Amino acid sequence: MKRENAVGDAREPGYLPKMLQLEKTRLLFKSLKYSIAGNLVIGVLLTAFLGQSVQNTSALLMWWVAFICISLLRVFAYSGFRKALPERQHDALWLRLFSISVWLMGALWATSFWIFGMPGSLECMYLALLAIIIVSGGAITVLSYQFSLLIVFESLLFAGVVSRLLWLNDVYTAPLIGLSLLFYGFMLVGGYLVGKNFSQGMRLRMMAENNQYELQRARDEAMAASRIKGEILATLGHEIKTPVNGVLGMADLLLDSSLDTRQKHLVNAIRCSSEALLGVIDHVLDYSSIESGKLELREELFNPRQLLEDVVDMMRIPARDKQLRLTANLARSLPLQVWGDPVRLRQILVNLLGNAIRYTLQGEVSLDANVLWESDHDVAVQIAVSDTGPGISQHRQEVIFRPFEQAEDEVNDSHHGPGLGLSIVRELLQLMDSEITLDSVVDEGSRFSFVLHLRPHKRSSELPVPATHSEEVSGDVVSLEGLKVLLLERDPANRKAALAMLANLHVDVQALTNAADVMKALEDHCYHLLLLGCQMSETGGIAMVGSIRQHEQATRKPRIPIVAITPEAGRGVGSRLRAAGMDGYLAKPFDSGMLREKLLQWVDRMRCKRMKQDTVINPTVFEQLGANGPERLRNVITLYLWSAPDQLEAISTAVSDGNREKAREAIQKLKLASESLGAEKAAALCERMEAEYGKEESVMLPQLLAELQQAVDRVIAVLRKQ
């Protein structure tokens, strides 16, 4: 049942009574067709049994004419209601027509006792009375939804029976009138109870449906609000991260320059403040993702001991700055490889260790990891972060895991961050089917612990080898000099920072600020990689990437690697970017090392060389033919235009017939003709087809033939323009 419909919105006052009345009207008309058919059957049977006994045939004829007219009126009302639009079915017109037809039919059946109930014939009296009783009982099932109509209809029938009995005035008149009074009294009481129970049931059902609708609408509104909030936060995060990334980039470049001690201290302060701001933004975005249910864990193979040691090494600098001792007590039984989400586990540990170091003024901070049990399917690892800080009072322990709540630094009387770190830690651990526990004593310290259930890696003889760059294997640094990179970045600060980093990497870069210039640059020049500053919510960058990929397919140019520079990170970003046509992404903020790593990962050093090789006709060969005179060039072109289609047809026919000798002969002729003209791709495809014929199973012939036909068609198209 729709809640916004013909009677208005569910939130409007008086909605339920209107909706109840509409449902009653619909049920009335739903049962009207059965009432029409039932009345017709009773009238026909009554006429068949008593029609010959009726003395006044003209009265019987008039009764049937009236019966047919009233039935037609009821049919008209029924068909009109059924054909009316839903928003018009609640109009009072249909209920009025129905009421009029009920009154007329009641009066008509009241007269039937006068017409069919013949004096002196008990059979006729009984049959006529029985017919009226049947009609009266059947009316309850139809008219109980509108009790006022039931009263009118039953009253008319009762009046007809009583008037006829009074006119007869025999010994049975008084008892029959008394029985009729009781009968119709019980009929009205029963009809009232049926209608009342129906109305109450319908009202309860409609209230339940209305409540369900309100809950659904509130849920939809909450989801829409959450989605809008997520989009707003993502947009704000992008807008804030973009300039902060420029600040960090410039700060890195300044630190690499010649600065005195005071200047380096100031630049380091700028960088630390920027990183702190980015940390706040990441916390807010992470919590928003968790709250909306969009944050998902990923499962990958990692070394838990190595991860724990890396986190401790990373946190040694802030611990050393506060003259704290940071220790790691890692059990020897920790497995070498497990399946889990190392990124989120690292985030949890950094949050816990960061809080411990932040609030501890003296003493030590420790990270403990022990294996509780290990089986073929599960490894339970207990991890604990302990400190000798001020501790957390009992009443604060109950609230610090709530969003935007913090443990107060009673010594410095200050707060750190937005108060989302521990809330995110708890939510992440719940996603990992774990719970965090806190044991703390004021003035003694705190201990946060949790148990992780990880899936062990099945041991085999082939352990995965971590991916390494060629420069790390050989010990030599791979130079990026000579690479041509196209950069699209609209933000001036980020563009300058990226240009400076690329310049330090000795990369030849061209920076542009709009998609039209990028498309023109890709058409006029060759680049080894495209760096595209964008975010997933922007459609302009996505559309431009689609245009680039379509243009590459149409012109058969080698695919250019596209790496997005985006403030977004996490699971799903890479897959969405790849679906849009990109190859990888570089998350903001980044430094020169991260940029260099992405260039080494995705740059295509051979792309420009392949573009030259992919030319339809080698211009050098073409110029040499022209140097021998225009007549010779014209003859070669004419001969190729005349012979190439025939040779292609001969190759296709021979391949279809399985005639290897004729196919090889035609391929050889086409290859020589293509080589003499400088159509190197067509000639190379002929060579591949010859090599394929040298194999026992030539499964690639159909595909090579199709590529050869396309290559020759392109050559012919170019020659016809000469």
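Fair warning: this is a prediction, and the values are worked out from it, not measured in the lab.

Draft legend 1. Structural view of the packing of helix α21 (residues 660-677) against helix α22 (residues 680-693). Running from amino to carboxyl end, α21 crosses α22 at an angle of 155°, the nearest separation of the two axes being 8 Å. Classified by the angle between their axes, α21 and α22 sit roughly antiparallel to one another. Between α21 and α22 lies a crossing whose hand is left-handed. Residues R660, A663, R664, I667, Q668, L670, K671, S674 and E675 of α21 touch α22, and the partners they reach there are A682, A683, C686, E687, M689, E690 and Y693. Tallied by class, residues from the contact of α21 with α22 come to eight nonpolar, two polar and six charged.

Draft legend 2. Looking closely at helix α5 (residues 147-168). With 22 residues, α5 should reach 32 Å at 1.5 Å per residue; the first-to-last C-alpha distance of 32 Å fits that figure. When α5 is considered as a whole, its buried residues turn out to be L149, L150, F153, E154, L157, G160, V161, V162, R164 and L165. Immediately beyond the C-terminal end of α5, within one or two residues, lies N169, with a positive phi of roughly 55°.

Draft legend 3. Summary view of the nonpolar core. The biggest cluster of nonpolar side chains holds 50 residues, and the ones touching the most others in it are W63, F98, W109, F116, L143 and F153. Excluding residues that lie within four positions of it along the chain, L143 makes contacts with L28, F98, V102, L149, L150 and F153. Of all hydrophobic cores here, the second largest spans 42 residues; its members include V311, L330, L352 and L422.

Draft legend 4. Region of the structure containing the pattern of salt bridges. For the structure on display, the rule yields nine salt bridges. Of the charged contacts in the structure, one is a salt bridge between D313 and R316, with a shortest N-O distance of 3.3 Å. Of this pair, D313 and R316 both sit in helix α8 (residues 304-321), three residues apart, which is roughly one turn of the helix. One salt bridge in this structure joins R426 and E427, with 3.7 Å as the shortest N-O distance. Since its relative accessible area comes to 24%, R426 is described here as partly exposed. Three or more residues joined by partner-sharing salt bridges are found here, namely R549, R559 and D583.

Draft legend 5. Examining the packing of aromatic side chains more closely. Inspection of every chain in the model, using the stated rule, returns seven aromatic pairs. Where W63 meets W109, the ring centres are 5.5 Å apart and the plane angle is 75°; that geometry is what we call edge-to-face. Here W63 is found in helix α2 (residues 57-83), whereas its partner W109 is found in helix α3 (residues 92-116), with 46 residues between them in sequence. Across the pair, W109 and W63 agree in class, each one buried. Summarising the aromatic geometry, the rings of F67 and W109 are spaced 6.2 Å apart at their centres and angled 90° between planes, so their arrangement reads as edge-to-face. Taken together, the positions of F67 in helix α2 and W109 in helix α3 put the pair 42 residues apart, joining distant regions of the chain.

Draft legend 6. Spatial organisation of the environment of I392. Mapped onto the fold, I392 is located in the loop between β5 (379-387) and α10 (394-397). Residue class for I392 comes out buried when judged on its relative accessible area of 11%. Taking the C-alpha atoms as reference points, I392 and G445, separated by 53 residues in sequence, lie 7.7 Å from one another.

Draft legend 7. Fine view of the packing of α22 against helix α23 (residues 701-721). Packing of α22 against α23 leaves a shortest axis separation of 9 Å and a crossing angle of 160°. Relative to α23, the element α22 lies roughly antiparallel. Helix-helix and strand crossings are classified by hand; for α22 and α23 the assignment is left-handed. Here K681, A682, L685, C686, R688, M689, E692 and Y693 of α22 lie close against α23, whose contacting residues are L701, L704, L705, E707, L708, A711, V712 and R714. When the residues that make up the contact of α22 with α23 are grouped by side-chain class, the tally is eleven nonpolar, no polar and five charged.

Parameters and conventions
Residues numbered from 1 in each chain as written. Predicted model: local features only at pLDDT ≥ 70, side-chain atom pairs only at ≥ 80, totals over all residues. Heavy atoms only, no water. Axes fitted to C-alpha atoms, helices over the stretch in contact; angles between N-to-C directions. Helix = DSSP H or I, 4+ residues; strand = E, 2+ residues; numbered from the N terminus. Parallel < 35°, antiparallel > 145°, perpendicular 65-115°, else oblique. Left-handed = near helix turned anticlockwise from the far one by under 90°. Contact = heavy atoms within 4.5 Å. Nonpolar A, V, L, I, M, F, W, Y, C, P; charged D, E, K, R; others polar. Expected span 1.5 Å × (residues − 1). Buried < 20%, exposed > 50% of the residue type's maximum accessible area, 1.4 Å probe, protein only. Core = buried A, V, L, I, M, F, W, Y, C linked by side-chain atoms within 4.5 Å. Salt bridge = Lys/Arg side-chain N within 4 Å of Asp/Glu carboxyl O. Phe/Tyr/Trp six-rings, centres within 6.5 Å; stacked < 30°, edge-to-face > 60°.

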